[in-house]
Structures are given as structure tokens and as C-alpha cells.
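A closer look at the structure
Residues per chain are reported as follows:
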Amino acid sequence: MWLTRLALTHFRNYARLELDLTPGVTLLHGNNACGKTSLLEAIFYLATSRSAHAGSDRELIRWGATVEPIPFARVETDLERGNGARTQIEIVLLPAEEKNSAPAGEADAARKPNGRVTKRIKVNGAPKRALDLLGELTVVLFLPEDLDLVFGSPSHRRRYLDITLSQIDPRYGRTLLRYNQVLEQRNSLLREFRERAVDPHELAIWDRQLIEAGTYVIARRTETVERYNNLIADIHPRLTDQREILRLAYQPSVPPENVAPTAVGKELRIAGIARRFAHEIEAMRPRELGAATTLVGPHRDDLRFMIERAADGQMVDAITYASRGQGRTIALSLKLAEVALMRAETGEDPVLLLDDVMSELDAPRRAALAQAVMDAAQAIITTTDLADFSPDLIERARVWHVCDGEILE
Amino acid sequence: MDTTPRAVTRLIEEFHRLPGVGPKTAQRLTFYLLRAPKTQAHALAEALVQLKDHIVTCALCQNIAEENPCAICRDDARDRTLICVVEEPLDVLAIERTREYHGLYHVLHGAISPVEGIGPEDLRIGELLTRLRREPGIAEIVLATNPNLEGEATALYLERLIKPLGIKLTRLARGLPVGGDLEYADEVTLTRALEGRREV
Ligand SMILES: [Zn+2]
């Protein structure tokens, strides 16, 4: 799929921008901090209704300079699929009308860049929930911060898996939302039990819903990591001149049952996860009551990158043993595998969004990424230096110059 | 200096205390009433007084009514072996509109939600258990809480309490939109859900 139009109103540093896009490679060239990244952020937001960087949605609204009575931001796109079908997506961000805030001085309150934001999403003109937007536009985003996926905290890796899986499988997005709501209810109840007598019936009703939703999340993550591994088995050696082997190791907080995954069918496997989950929750009960929070479940999963150590051929954890350069290659393998995974799962090329990542890579890795870019139906790339790209790629690309919220071809 | 008359700010504040009404809406409603004919404002005030002075809670089903017991609980034509448990009085209205259900009701006045600080003791669950003990003829209980997280949790909780009593328990079939409210389900959907209720 590819975008044919992108329009921004009061989004980040753009007062108003209307851009016609074409399939193939678009290079956005400009200095740092001049608004190239905002364009990619807008596209990512249209795909996921989530901010590309874990931060407040309110920061996406262009505050201060706006003359509107109520500040807002709007992003719109038209996209086209391989089969010719067209879709229009629009998201309007408004500061939420805060209940119980003092009526006096509310105009000031609405202008403060914190607090909640209301999203109004429309697909082909019809209002949609954020969950129903997922899967309309699929994107793979390459950021310099991808290094955090390798070396950062487990929450980075969970967020990454969740956004990828939600784009592929709408049911995953719905189930994860439900899981998080159950988790919030259950944690509230555990906190209440510090003040009053524990009612096992009350806990049991949330346990059951936690296990129901959580089991699907774990099963889907398990499956997806296996598929990543099949893809990465090809991709990573190619990126490292056949010198390195990479494997993703999914580390669920609910340990799998001790049977070879191939030995049992899918149904039995899911039943096995639910059984283990129930067992772990039971075993963890006294500690959970003490800690007043839920200690077992997919919100505590991790995903690790295992690489083969040259010295002895042992598989070791990249978080401790990989160099920064190796980390960059691991992140790149992961993203390239994501492109292939999305293509296979949805039957449609995702849109590639690259935010100034070329400069971080050495020549062989650059060439591999450039190849992926040229193979994609559409790639939109920001850069501060056109010299990072081969003449071949620049020849085939549309080059735009971005400067202070203005774009020139 | 704020020169807004006290009566105006007071009404804005009162509207603002209502659920779902933000400061902007509260102002809009107040200024609308300020410009509306006097008769309209008086009719609203009268309706508010009537609401609190002439509405009672039915001691049997806990529904709001003009008399205690309510018209449904007093109606001899209703099937007294059947109780449908709902969250809100509006859910009774929604089910009555289908004309497919002829049993009695029990209104919980909410659903379990620890996040909002609502536990089982905040709902009319004790009243339901008392009713089940006093009226031995009850053969079936239909759990018709909303098909969302809190409604589901409330149904599971009731299931655990009522099952040991040996009364047949059914749950509205999942024809209802997931995450939806009973109140917003159309009649066809509700009728289908009532017909297809499953034993739990
Ligand atoms: Zn009654």
C-alpha cells in the first residue's frame, strides 16, 4: 500500500501542510529540528493512533502559535492498496474537556500542554474507535532509538511487539486493551485489600478474566516470535556476512509447560498456557496481596536477543554481550523481519518510514536497508545528509527539501 | 472583577456536577435556560422536585417506581419463577420494550468496578440473596448485566454466590455487541439474546 496524500493542520510545528505523495521512495532532506520527523510521526499516528515516541499525545498539538479558540490538531491521509482500493483516514486531536476543573480560567486550562486528549477518528468519513483503525494502514518505522529495543528496558520491547501485533491482528489489539483494563481493576482491588478483608470471590472474578485475555496475548506473542525467528534466520546472516546468528527469545512471565511445542496442537497449547497461568496466579497469591499489585502475566514479559559468541559458539544475551554496532544490526534485522512478517500476514506491503537511520549504519548495512527501501511499495525517509544514499537510490527517489514547516521539491 | 450574577454561577456549578457535563456544556445549558421562556425553566424545576419527592425504590426488585412494590412486582400475570438481574433501571425499560420477557426483575444499581471503588457491598446483591431465600418458588435467574468488563465481573460474582443455592442460572447470549451497554442494544438484538440465553 502507499499514501497518495498527507495533510496536517496544527500538528507539531506545522500550521498547515498538504503533500501529494507517490509510490516508491520519497527523501525528505533538511537540517535537524526542522520538522522532517513530524511528518513521519503523523503517518505513524494515522496507522496506530499512538505516538511514535512514548509520550503525551498532547505534545502533538501545535500549541501557542494557534489562533483557534480551542487548540486542536488534524492529520489526514488518502491511501491506495495493491488491489486499487482507496481509503481515507482522518484523526482530530482535541484537549479533553476536563470534568471538575474550576470553570474559571478554563481557557487557560485548555491551552496547557498536559492532561488528556480526545481523539476523533474517521475512516472513509465514518467515525471509528481507535481499535477499529488498526490494520487500515500498516507501517514499519525505523528510528535511531531502535537501539533501545536491544539495550533498553523490557517495556520498550513489549510496546514494540504490541504495536506490531495490533497492526497485523485486530483481535490482538482488542484483547490487549481488555487485558490492561482487567489488570487495572485487579490492581485496584489488591490495593483495596490492604484496607479491608480479602474476599476470595471478588479476586476470582478478575483472575478468570485476566487469564482469558492474557492467554491469548501470550499465545499470539509466542507464535509471532517463532515467525520472526524463521525470517531472521535468513536476514541476520545476510546482514553480517554470514558471521553472526541471531535468535529472539520470548520470556513470558508465565513459563510454558514442559512439552515440545510441536508435540501438541494449537488448542492444547492454549489450554496449557491458561492452566499454567492459573497455577502461577494461585502460587503468587500471598506475594501479590503483600505487594498489592499483579505480579504474573504478559505485562511482565520480556523478549531478548540471543547472539552467537564468536569465541566459543555459545548463544549469549545481546543486552550484556553485544557492542553498539552489533545492537544496530540486531535492531535492523528485527525491523526487516517485521516488514516481511507484515507482508506475509496482511498480503500487503507496509509503508516504510525511516527517520534519519542511515547515518548510524556502516556501508554493508546501509546497502541492505537501501535494498529493502527500493523493494517496498513506498518508503518515506528523512535525512540530514543526502550523501548517505547511493546515487542509484537518489536517482529513483523524489527528493524534497524541508525547512521550518515548509516543503519544496 | 467577576460581575457574573451569583444565580448564574450557581447553576453552572450545579450542571458541572452532573456526569458527562464539562464546564463548557454547563455554561451553554445555563445561558440557554437564561434566554428560554420562564415556563420552560419552571417546568424543569418542577420535574426535578417531582423526581426526588415522588419516586420510591421498590423493596422487592429495587427498581425505581411510583409505588412500592412496583407495578411489575404487583402484576399477577408475570411469571414469578423467573428473575432477570440487570445493572440499571434503564435496562428494565430496554428489556420490557422487547415484549419477550414476562418474568420479574432485580436491579443492582451498578456493576462491580474496583477502579471506581464500587464493590459488591455497594450493589443491591444482599437484597437479591434475601429475596431468593424468602421466595422459594424461583426456578431461574437470568444474568443480564452488560457484556463489558464490569458487567461480566458482576455476573461471575453472582454466579459464585447463587450456584450453591441450586437455582438454575442463565446468562444472556453473546449476541450483544461486546463492550456495549444493554441500554443501547436494539430490540431485535435483545430478543435474540433473551431467546438464546445459556446456562452457566
Ligand atoms: Zn419491583
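Since we're looking at a predicted model, the values are computed, not measured.

Calculation notes
- Residues numbered from 1 in each chain as written.
- Chains lettered and ligands numbered in written order.
- Predicted model: local features only at pLDDT ≥ 70, side-chain atom pairs only at ≥ 80, totals over all residues.
- Axes fitted to C-alpha atoms, helices over the stretch in contact; angles between N-to-C directions.
- Helix = DSSP H or I, 4+ residues; strand = E, 2+ residues; numbered from the N terminus.
- Parallel < 35°, antiparallel > 145°, perpendicular 65-115°, else oblique.
- Left-handed = near helix turned anticlockwise from the far one by under 90°.
- Contact = placed C-beta atoms within 7 Å.
- Nonpolar A, V, L, I, M, F, W, Y, C, P; charged D, E, K, R; others polar.
- Domains from an automatic or database assignment.
- Buried ≥ 20, exposed ≤ 12 C-beta atoms within 10 Å, placed from the backbone.
- Core = buried A, V, L, I, M, F, W, Y, C linked by C-beta atoms within 7 Å.
- Pairing = 2+ DSSP bridges.

A few points about the packing of helix α10 (residues 324-346) of chain A against helix α11 (residues 363-375) of chain A
All names here are of chain A. Put simply, α10 and α11 touch, their axes get as near as 11 Å, and they point 15° apart. Classed by the angle they form, the pair α10 and α11 counts as roughly parallel. Seen from above, α10 lies across α11 with left-handed handedness. Residue-level contacts link Thr329, Leu332, Leu336 and Val339 of α10 to Arg365, Leu369 and Ala372 of α11. Among the residues making up the contact of α10 with α11, the classes are represented as five nonpolar, one polar and one charged.

Remarks on the domain arrangement of chain B
Each assigned domain of chain B is listed here: domain 1 (6-53) and domain 2 (57-199). The centre of domain 1 of chain B, based on its C-alpha atoms, is set 33 Å off from the matching centre of domain 2 of chain B.

Here we look at the environment of A:Val123
Residue and element names in this part refer to chain A. Tracing the backbone through its elements, the reader meets Val123 in strand β6 (residues 117-123). Assessed through the 16 C-beta atoms surrounding it within 10 Å, Val123 is described here as partly exposed. When the C-alpha positions of Val123 and Gln88 are compared, they lie 5.7 Å apart, and in sequence the two are 35 residues distant. The contacts of Val123, once residues within four sequence positions are left out, are Thr87, Ile89, Lys128, Leu133 and Glu136.

Quick word on the nonpolar core
Formed by 133 residues in total, the largest nonpolar core has its most connected members in A:Ile43, A:Leu353 and B:Val85. Broken down by element, the residue count for this core peaks at twelve residues, all from helix α7 (residues 200-239) of chain A.

Details of the sheet that holds strand β5 (residues 86-95) of chain A
Residue and element names in this part refer to chain A. Strand order in the open sheet made by the six strands is β2-β1-β4-β5-β6-β7, with antiparallel pairing throughout. At either end of the open sheet lies a strand with only one pairing partner, and these are β2 (14-20) and β7 (126-128). For this sheet the average axis-to-axis angle between neighbouring strands, irrespective of direction, equals 20°. Direction of pairing for β6 relative to β7: antiparallel, over a ladder of three bridges. Each residue of the ladder has a partner; that of Lys122, found in β7, is Pro127.

Quick notes on the interface of chain B and chain A
Taken together, the contact between chain B and chain A spans 17 residues of the former and 21 residues of the latter. Considering only residue class, the side of chain B that touches chain A consists of ten nonpolar, four polar and three charged.

Some details on unusual backbone geometry
For the peptide bond that leads from B:Asn68 to B:Pro69, omega is -5°, which places it in the cis range. Here B:Pro69 lies in the loop between β2 (64-65) and α4 (71-74). The backbone of A:His10 shows a phi angle near 50°, a positive value even though the residue is not glycine. On the basis of neighbour counts, which here come to 23 C-beta atoms within 10 Å, the residue A:His10 falls in the buried class. At B:His109, a residue that is not glycine, the phi angle is positive and equals roughly 65°. Among the secondary structure elements, B:His109 is positioned in the loop between β4 (103-107) and α6 (125-134).

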